[in-house]
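Listed below are the residues making up each chain.
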Amino acid sequence: MITVEQAQALCLDLVKTTPSETVSLANAQGRTLAEALYAKRDQPPFSASAMDGYAIRHADAVQHAVLDVVAESAAGHGWDGTVTAGQAVRIFTGAPVPDGADCVVIQENVTAADAQITLSEPIGTNMNIRPQGADFKREHPLDPPRVLSSPDLALLAAMNNANVTVRSKPKVALISTGDELLMPGGDPAPDQIIASNVFALNAMLRDAGAEPSILPIALDTPEALDAVLKQASDWGADIIVTIGGASVGDHDLVAPALDRFGVTRSFHKIAMRPGKPLMAGAKGTTAFLGLPGNPVSAIVCGHLFLLPMVRRALGQTDVLPRAVTARLTAPMPEGGPRAHYMRAVFEEGLEARTVTAFDKQDSSMLTVLSNANCLLLRPIDDPAKNASDPVTIYPIA
Ligand SMILES: Nc1nc2c(c(=O)[nH]1)N[C@H]1C(S)=C(S)[C@@H](COP(=O)(O)OP(=O)(O)OC[C@H]3O[C@@H](n4cnc5c(N)ncnc54)[C@H](O)[C@@H]3O)O[C@H]1N2
Ligand code: MOO
């Protein structure tokens, strides 16, 4: 069986970068930049006052000096004269600092009367001026493949860009398979199971910037599987994900269905728990990922393989789950022949980040996964560990 790392590399190879599209800034949050954008002007575009007060010449900034107030500069209403010796201009935060002035005294530090001010307090060293271009200069770039954060959107707006060119959202079809399944809210027979996995995967995909679609459940017949695979393909899916039917049982029909559909298999089965029966392949530009049916297996494989595929489709470079180190709170026995991604809770302590694995690690148990905030990796044949030994964890939201 291949390793998780080998399988991740093979999965990424199956994915094509999506085309770009232009969206307005108001709709660009979390999208991945496809083309660089540049500042169309300096910010601030002029030397601006950082405070409400009086713009003066620094040479006049002497305590007890008396200066004539000759004009006013407000935000959006600058004054185009020049401040000369002995003069002051009433100025407000964000307003252009007039020529000749190189210092703003804050109004709390002056006494104003009869169009004159007296500098009543000692003059500090702060000029209270934001120089032109102090934040960014014209042509300042924002480069792809950046995932646009909310501050990025404000920055792009300040750079005077109304639209951005981003990667179109990869379309991901989610297909649950199995005669036992029905959708939540239905009226299950005693031997039925509610299809749950797609709801986690759907949410994870949306957060990652994909456009998921939950397709109808496919019954355990070749015809039903063929029909829903065709439906996914007709929808234009970039990635088709099946859930369940991946193992070796008589009703595990996904691998033959993918073969019939013309999918070239990249791998089937990996040295991992949970997730051993994972499979992947491609047909033309469409990638296929066959997830195991056990809910925890499907969701863990979603984090380790499906989300990286989505990020790759979006043109991102840093696509694998973020690994960090934590210290065990309790000893652990030696690991086994498959890499084990244990459900665990990490805490950020003052001294160190610590992690505690749950006792129950059954891949059917959603309550455990729901209480976990990370996966704790035990690599293949990992030696036994003591409390406080460092381990690799993958935070999951
Ligand atoms: N003889 C062997 N049996 C099994 C092996 C093996 O190597 N040899 N592997 C085991 C492992 S590991 C896993 S994981 C499971 C997964 O197999 P499948 O992908 O074929 O999954 P199913 O049999 O279809 O379902 C397993 C389990 O999960 C439930 N399920 C399926 N889909 C959903 C869904 N969308 N939402 C919620 N629950 C779902 C299903 O009802 C089953 O209970 O195989 C082991 N067996
Ligand atoms: O590998 Mo399976 O995913 O443990 O239950």
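Just so it is clear, the structure is predicted and the values come from calculations on it, not from any experiment.

*Asks:* Would you take a moment to explain the overall build of the protein for this structure?
*Replies:* When helices and strands are counted, the protein shows 7 helices and 26 strands. Dimensions of the protein along its principal axes, counting C-alpha atoms only, are 95 × 50 × 40 Å. Within the protein, buried positions represent 39% of all 397 residues. Summarising the internal contacts of the protein: among those between residues at least 6 apart in sequence, 71% fall at separations of at least 24.

*Asks:* What is the right way to read unusual backbone geometry from this model?
*Replies:* For residues other than glycine, phi is negative in most cases, and the peptide bonds are mostly trans. For the bond from Gln-43 to Pro-44, the omega torsion is -10°, close enough to zero to count as cis. The residue Pro-44 is located in the loop between β2 (37-38) and β3 (48-49) in this model. The amide bond that connects Pro-144 to the next residue, Pro-145, takes the cis arrangement and shows omega of 0°. With respect to the helices, strands and loops of the structure, Pro-145 is situated in the loop between β11 (141-142) and α2 (150-158).

*Asks:* How should I be thinking about the sheet that holds strand β5 (residues 66-73) in this particular structure?
*Replies:* The strands that make up a sheet pair up through hydrogen bonds in the backbone, lying either parallel or antiparallel. With respect to topology, 6 strands assemble into an open sheet ordered β7-β4-β6-β5-β9-β8, the strand pairing being mixed. The sheet terminates laterally at β7 (103-106) and β8 (110-113), the two strands that pair on one side only. Taken over all neighbouring pairs, the strand axes of this sheet differ in orientation by 35° on average, direction set aside. Pairing between strand β4 (residues 53-56) and strand β6 (residues 87-91): 4 bridges, direction antiparallel. The partner of Tyr-54 across the bridge, within β6, is Arg-90.

*Asks:* Quick question: what am I supposed to make of the domain arrangement of the protein here?
*Replies:* Size of an interface, as often reported, equals the accessible area lost when the parts are brought together. The domain architecture assigned to the protein consists of domain 1 (4-18 + 169-313), domain 2 (22-43 + 137-167), domain 3 (48-130) and domain 4 (324-395). For domain 2 and domain 3, the distance between their C-alpha centres works out to 36 Å.

*Asks:* Explanation requested: the site of ligand 1 in the structure shown.
*Replies:* Neighbouring residues of ligand 1: 26 residues in total, closest Gly-244, Ala-246, Ser-247, Pro-292 and Gly-293. Looking at the shell around ligand 1, the elements with two or more residues in it are α3 (197-208) and α6 (295-313). Each residue belonging to the shell around ligand 1 can be placed in one class, and the counts come to 11 nonpolar, 12 polar and 3 charged.

*Asks:* Is there a simple way to think about the pairing of strand β9 (residues 116-119) in this case?
*Replies:* Walk down a regular strand and you will see the side chains alternate between the two sheet faces. Along β9, the buried face is formed by Ile-117 and Leu-119; none of Gln-116 and Thr-118, which line the opposite face, is buried. Pairing analysis gives 3 bridges linking β5 to β9, with the strands arranged antiparallel. Counterpart to Leu-67 in the pairing with β9 is Ile-117. Bridging between β8 and β9 involves 4 bridges; their strand directions are antiparallel. Each residue of the ladder has a partner; that of Ala-113, found in β9, is Gln-116. Hairpin connection of β8 to β9: 2 residues between the antiparallel strands, including Asp-114 at a positive phi of 55°.

*Asks:* Would you mind showing me how to read the packing of helix α1 (residues 4-13) against α6 here?
*Replies:* Each pair of packed helices can be summarised by the angle the axes make with each other and by the distance between the axes. At their nearest, the axes of α1 and α6 sit 9 Å apart, and the two run at 35° to each other. For the pair α1 and α6, the sense of crossing is right-handed. Residue-level inspection shows Val-4, Ala-7, Gln-8, Cys-11 and Leu-12 of α1 in contact with α6, the latter providing Leu-304, Phe-305, Pro-308, Met-309 and Arg-312. A per-class count over the contact of α1 with α6 returns 8 nonpolar, 1 polar and 1 charged.

*Asks:* Can you help me understand the sheet that holds strand β21 (residues 286-291) in this one?
*Replies:* The sheet built from 6 strands is open, its strands ordered β16-β13-β17-β21-β20-β18 with mixed pairing. Edge positions in the open sheet fall to β16 (211-214) and β18 (264-268), since each of these has one partner strand only. When the angles between neighbouring strand axes are averaged without regard to direction, this sheet yields 20°. As paired elements, strand β17 (residues 239-243) and β21 share 5 bridges and run parallel to each other. Paired with Ile-240 across the two strands is Phe-288, which belongs to β21. In the packing of helix α4 (residues 222-235) onto the sheet, the strands contacted are β13 (171-176), β16, β17 and β21, and the crossing angle to β13 comes to about 165°.

Calculation rules
- Residues numbered from 1 in each chain as written.
- Chains lettered and ligands numbered in written order.
- Predicted model: local features only at pLDDT ≥ 70, side-chain atom pairs only at ≥ 80, totals over all residues.
- Helix = DSSP H or I, 4+ residues; strand = E, 2+ residues; numbered from the N terminus.
- Buried ≥ 20, exposed ≤ 12 C-beta atoms within 10 Å, placed from the backbone.
- Contact = placed C-beta atoms within 7 Å.
- Pairing = 2+ DSSP bridges.
- Axes fitted to C-alpha atoms, helices over the stretch in contact; angles between N-to-C directions.
- Domains from an automatic or database assignment.
- Near = placed C-beta within 6 Å.
- Nonpolar A, V, L, I, M, F, W, Y, C, P; charged D, E, K, R; others polar.
- Left-handed = near helix turned anticlockwise from the far one by under 90°.

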